[in-house]
Amino acid sequence: MVSAQSTTDIKINSLDCKSTLHECLDGISQKTSVKFNYKNDLVNNVKLRIKKSNTTLLEVLDEIRNQCEVDYTFVNKNLVSVFEQKGIFIYGTLLDAGSSDRIADATIQISGKSRSVVTDKNGLFRLYVTNDSVDLIIYHPNYQLGRSKFLVEGKRHLLIKLDPVTRLNAVEVFNNYSSEISLKSFDQVNPSNTDLPTLGGETDALNNVKLLPGVNNVTFGEQGLVVRGGGPDQNYTLMDGIPVYNTFHLLGLYSIFNASIVNSIKLHKDAFPSKYNSRLSSVVDVSLKNGNKKKTELIADIGILSSGIALNGPIIKKKLSYSISARRTYADVLTTPLQRLVDKNEPNTSTTALWSYDLFAKLHFQPNKNNQVSLTAYNGGDQLNFNTQLELNDDKSTVERSRGAIGWRNLILGINWNSTLSSRVFLTLGASTSGYNLKFSDEYSLTQKNNFSDNSSSYINGLQELRLAADLDIAWNKKNLLKTGIGSVNYIFSPFERRYFSSSNLNFIDTTLISHQISSQEYYIYVENKSYFQGGNIVYGVRVAQFNTTKKKYVRFQPKLLLIQNISKISQLRFGLSVANQFVHLVPNNNLGLPVDIWLPVTKTLKPMSATQLSSKYTHRLQKIQLEIGIFSKFYTNILEHETGSQLLTDDNWEENLLSGSGRSYGLEVGAKYTLAKLSMYSSYTLSRSKRTIENINEGLEYLSKYDRPHSVSTIIEYAWTSEDKLLLSFSYASGNPITIPTARYITIVNGEEVVVEEFEKINNFRLPSTHHLDISYLRERSHKRFNSKFIVGVYNVYNRLNPFMVFIGINKEAEPTLKLRSYLPIMPMLKYSIQI
Amino acid sequence: MVSCEKDIPLGNEVFKKKLVINSFNRADSFLSVNISESVNILGIPSSSKLSGDAKVLVLKDGLILFNDFIKVDKGNFTIPFKCLRQSVYELQVAFEGYPSIRAKDSVPLLDPVFEIDTLISQLNGHKLIFELNDPVQRNNYYLQLFAKGKQWNGTDSLEVTKALNYIADDKIFISNLLTISRDNSFSLFDDELINGNTRKMSLKIDNSDLYRKGFVASEIILKLSNVSETMYVYYLNLLENTHVYGGPLASTSRENGNIDQGLGVFCFYSNTTRKVKIP
């Protein structure tokens with residue numbers, strides 16, 4: 001029923017619209033006799049939800065304006081014209097109120113509107129606003145919920161500051177606040193506030209990524225992540241946009257990323273950003289903190305495995321900041337003096353030292369609101385050294401020494417300039433270099449009065465890349481954001497360099513054998529458009545890459561499509577389709593007998609690996625729980641495998657030892673988060689299969705990839721009884737991965753003696769026992785007069801599970817041959833103390 | 001780092017037994033063959049288990065040299081024909097209960113040419129220096145060391161010859177990274193770095209290998225073989241197998257040998273032996 005007064009005061013007793021704007025306006029016409037004039041394409045595809053009673057026509061029209069981004073005007077008392085809202089683009093920067101550091105990946109939503117935007121890695125965002133005044137709601141898991149109201153008139157740039165929160169949940173994968181489920185195309189981890197300790201109490205930034213559905217460890221002893229059944233080299237790990245080739249220390253125990261300097265980690269598993277579409281499995285985009293632009297901060301920690309220090313602060317207040325950090329393990333520092341003390345009066349001394357280190361440095365300069373420049377540097381690596389010395393006071397004054405070493409290093413340096421050319425156009429220019437090298441060596445010397453010899457040999461492998469890139473973001477209208485860019489990468493691969501030196505009273509040799517260095521170039525251009533529509537967005541684009549390698553050019557088109565649609569306020573569906581190619585790869589090291597990573601390019605005979613992926617995910621959110629369930633399927637071509645038993649390191653014909661074929665992986669991913677008062681829980685389950693078919697391996701039949709781990713489960717339970725104390729329980733389970741064991745044994749003759757030989761008929765023919773462990777830890781945070789402290793104590797692998805490291809044939813108690821499993825990392829303590837000033 | 005070990009079940013691994021050939025034939029000697037069978041990986045293989053009649057076919061340069069049943073005695077049988085240098089031999093064996101096997105290899109032309117230069121006594125051992133004169137043709141070498149001496153058992157002694165471990169860190173051994181600086185009683189190298197020239201090489205021998213468990217060495221025997229490519233690759237694979245499965249230290253050996261439908265190797269070599277008294 002409608003009571004007629006003046007047109008604007010027309011009352012509507014009840015209105016329930018849950019349909020398109022077209023149908024809703026028709027419904028209003030029936031209730032009020034007011035006619036509407038509009039263009040069909042403006043109202044046909046726009047949905048809205050209005051449920052009001054005892055309201056007026058004016059209120060209803062205002063609500064329609066808010067929800068549907070349309071405007072209206074009364075032509076006469078019986079006719080209302082509905083037309084598209086005219087608005088403007090405004091852009092802004094989101095800053096940490098304490099440090100003035102830029103906040104990436106925050107969700108910004110105009111109050112009352114369904115559309116939201118996400119700040120980029122530089123804290124920048126742009127919004128299309130149609131009202132004179134705007135009320136923004138800003139959500140980021142590490143910050144207090146922000147609201148910012150402002151008048152649009154005269155403003156084009158906004159500066160919004162958020163206050164950090166003191167305590168947060170362990171894994172902030174899901175968006176807690178947003179009225180609708182976030183439209184982010186990636187999983188996000190914020191390590192600065194994730195206190196999940198792992199081995200020794202280390203709070204490793206990449207550790208939390210392993211808890212996400214579809215992500216797993218390779219296995220202990222092998223470095224890297226396995227994402228949806230792909231190998232570790234199929235993950236593109238970026239540090240401030242610069243590729244890092246080795247991301248884990250000490251056989252994969254923990255990553256190079258120190259949690260105290262990492263701002264955020266984004267994991268892309270579906271239809272990667274076109275710019276970074278150069279690996280097959282994932283993009284792990286790690287952003288480092290820029291440093292506090294207002295005051296100097298110091299974070300120092302000491303633990304069982306390592307100690308570190310991080311310092312950041314302003315050089316020019318609010319303009320230029322720095323951030324540096326250093327971390328080192330120190331088992332060697334403690335054990336080497338002890339070993340020397342024990343050997344003090346012995347003629348025979350020996351020391352073994354194992355250590356790793358990381359050094360980060362970053363400068364961030366923002367001369368004005370439209371420009372910023374950052375410089376990022378990193379150096380880190382692992383080293384294992386062993387020395388023995390025999391020194392005798394005999395008549396020959398004999399000294400015998402032997403030394404061995406194996407180590408790797410990452411070295412990266414990059415500069416980025418971001419400029420806001422207008423409220424619609426952002427420009428980013430970047431130049432970087434990233435290098436990785438591996439070296440092992442051994443040395444033996446004997447010195448006597450009339451006799452000396454000195455022998456040494458070394459092996460070096462590595463790669464170096466130089467990268468230039470230009471990227472442009474253009475908001476060409478309120479519903480479309482275009483990203484485009486070009487780039488070039490110059491690679492120099494050094495498959496191996498072997499040096500041999502021998503000097504004695506008999507001979508002198510100094511020889512270096514160097515394999516041909518391989519120079520390769522990659523050029524790419526990409527275009528990708530993100531179209532927003534009501535309750536969702538679609539991203540589609542293509543990356544075209546050309547890779548020049550020895551005597552061969554490859555050109556690859558890599559299309560992508562990612563559709564995200566909120567079905568309702570509590571449910572979302574997404575679908576992804578993408579093609580990825582990979583031009584550089586880690587040589588499968590099944591047969592080297594050493595834990596080494598060797599990066600090599602595609603060649604004339606080894607074509608670029610390719611993966612076509614289809615994925616879909618459904619997310620449902622209830623009051624206290626958010627559930628997501630997804631499926632994926634990937635098809636590989638030109639996937640590489642090392643030919644059984646072949647030697648990689650010995651000559652220039654290394655590519656002949658690699659075989660290529662096809663593969664597929666598929667699976668199901670489930671994630672759930674539950675929050676109830678002081679208790680929060682996150683759980684994920686992944687069903688993932690990974691298979692390969694390669695001629696000349698396993699008779700050309702399909703076989704299990706070494707990354708096939710059908711089931712994996714991760715659970716974290718956090719109980720925070722105060723804002724400063726919490727108990728964390730972490731459990732992870734993964735099926736064992738396939739390994740190659742012999743199928744038979746037989747006798748052969750070596751030096752006239754019988755020796756048992758093993759027959760390897762098939763590869764990956766045996767599945768290791770499953771890996772699982774439960775960790776319990778207690779975190780205590782305290783605010784003191786001059787500093788804040790954090791104390792971690794806990795137990796790793798509480799029930800002392802013997803997780804597999806390797807398998808061999810040994811003898812059981814009955815002196816019969818048996819398959820034996822060797823395990824490291826039994827039940828161990830966690831202990832770490834840190835202070836922040 | 002603490003490590004623990006435990007037994008794990010093998011599972012339902014399917015095993016098919018095969019015939020194993022061990023036939024290492026010196027040039028100008030009779031062709032001799034040992035046949036045995038492969039066993040499950042938790043079984044204990046034996047080289048002297050098989051006895052009975054085997055159907056044997058031997059071809060020399062494509063022509064039938066021998067084609068008859070032959071008595072296998074504890075795995076062994078001999079074909080009464082000498083292996084002629086530069087000839088290609090093919091062996092086919094059928095034995096009841098096993099797939100028939102076939103293998104082919106050629107006999108090297110030349111004996112290695114080398115002389116022992118000197119044996120130097122050192123603090124804990126000896127250094128043996130020898131000089132190799134490499135011919136122009138491509139050669140693969142197999143270097144073995146033995147110690148000859150007396151094995152004492154109380155007051156009784158017995159003359160024995162034992163394989164002797166040594167370290168060979170000459171750069172020619174770096175063609176196989178696992179050979180260098182590792183105690184072994186044999187090593188392998190090719191002549192890529194010698195390239196038809198003369199080369200002095202040294203081997204380090206620890207005294208503990210010369211004098212232990214009642215054994216007193218009096219003589220060192222150096223045996224250098226020029227081996228066929230088949231034999232070279234076969235032994236190279238044996239050296240590289242770490243016998244570890246899974247994890248970063250794993251290595252899987254290439255399918256060994258040249259036996260079609262079977263295992264082991266049928267190969268040829270020529271060799272030269274030199275001896276030196278221990279001072």
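What comes next is a walk through the structure.

Reading the values: the criteria
- Residues numbered from 1 in each chain as written.
- Chains lettered and ligands numbered in written order.
- Predicted model: local features only at pLDDT ≥ 70, side-chain atom pairs only at ≥ 80, totals over all residues.
- Heavy atoms only, no water.
- Salt bridge = Lys/Arg side-chain N within 4 Å of Asp/Glu carboxyl O.
- Helix = DSSP H or I, 4+ residues; strand = E, 2+ residues; numbered from the N terminus.
- Buried < 20%, exposed > 50% of the residue type's maximum accessible area, 1.4 Å probe, protein only.
- Contact = heavy atoms within 4.5 Å.
- Expected span 1.5 Å × (residues − 1).
- Arc of directions from axis to C-beta.
- Patch = residues over 30% accessible without salt bridge, like charges linked within 9 Å, V, L, I, M, F, W, Y side chains within 5 Å.
- Areas by Shrake-Rupley, 256 points an atom, 1.4 Å probe, with all protein chains shown as cover.
- 1 Å grid on protein atoms, 1.4 Å probe; cavity = no way out; pocket = protein on both sides within 12 Å on 5 of 7 lines; lining within 4 Å.
- Points joined across faces, edges and corners; volume = space filled by probe spheres on them.
- Nonpolar A, V, L, I, M, F, W, Y, C, P; charged D, E, K, R; others polar.
- Phe/Tyr/Trp six-rings, centres within 6.5 Å; stacked < 30°, edge-to-face > 60°.

**Quick look at the pattern of salt bridges**
All names here are of chain A. According to the stated counting rule, one finds 35 salt bridges over all chains in the structure shown. Here R689 ties to D708 by a salt bridge, and the two come within 3.0 Å at their closest N and O atoms. Of this pair, R689 sits in strand β41 (residues 679-693) while D708 sits in the loop between β42 (703-704) and β43 (711-720); the two residues are 19 residues apart in sequence, bridging distant segments of the chain. The exposure class of R689 is partly exposed, given its relative accessible area of 21%. Judged by relative accessible area, D708 falls into the buried class, the value being 0%.

**Notes on the side chain of B:S47**
For B:S47, the position within the fold is in the loop between β3 (30-37) and β4 (52-60). Here B:S47 falls in the buried class, since its relative accessible area comes to 10%. The contact partners of B:S47, leaving out residues within four places of it in the chain, are A:I747, A:E754, B:N34, B:I35, B:S36, B:K74 and B:G75.

**Description of helix α3 (residues 57-68) of chain A**
Residue and element names in this part refer to chain A. Taking 1.5 Å as the rise per residue, α3 with 12 residues should run 16 Å; its terminal C-alpha atoms sit 16 Å apart, in good agreement. Listed as buried for α3 are L57, V60, L61, I64, Q67 and C68. Along the axis of α3, the buried positions cluster into a sector of 130°, meaning they face one direction only. Taken together, the buried residues of α3 touch β1 (11-20), α1 (21-32), β2 (35-37), β3 (47-56), β4 (70-76) and β5 (79-84). Just downstream of α3, E69 is the residue with a positive phi angle, here 55°.

**A look at a nonpolar patch on the surface**
Residue and element names in this part refer to chain A. Taken together, the side chains of I315, I316, L363, L375, L413 and I415 present a nonpolar region at the surface, about 480 Å² in accessible area. Mapped onto the elements of the fold, L363 is located in strand β25 (residues 348-368). The class for L363 is partly exposed, based on a relative accessible area of 34%.

**Observations regarding empty space enclosed by the protein**
All names here are of chain A. Enumeration over the complete set of coordinates arrives at 16 cavities of 30 Å³ or more. Put simply, the second largest cavity is a space of about 640 Å³. Lining the second largest cavity we find 42 residues, and of these K210, N217, S732, H773 and Y796 sit closest to its centre. Counting only elements with at least two residues in the lining of the second largest cavity, the list comes to β14 (215-219), β15 (222-227), β41, β43, β44 (725-734), β49 (771-783) and β51 (804-811). Taken together, the residues of the lining of the second largest cavity sort by class into 18 nonpolar, 20 polar and 4 charged.

**Structural notes on the packing of aromatic side chains**
Residues and elements named next belong to chain B. Tallying each qualifying case throughout the model produces 24 aromatic pairs over all chains. Seen in terms of ring centroids, F114 and F130 are 5.9 Å apart; in terms of plane orientation they differ by 75°. Their pairing is edge-to-face. One end of the pair, F114, is in strand β9 (residues 113-121); the other, F130, is in strand β10 (residues 125-133), and 16 residues separate them in sequence. Take F114: its relative accessible area is 1%, and that puts it in the buried class.

Note that all results are geometric; they support no functional claim without further evidence.
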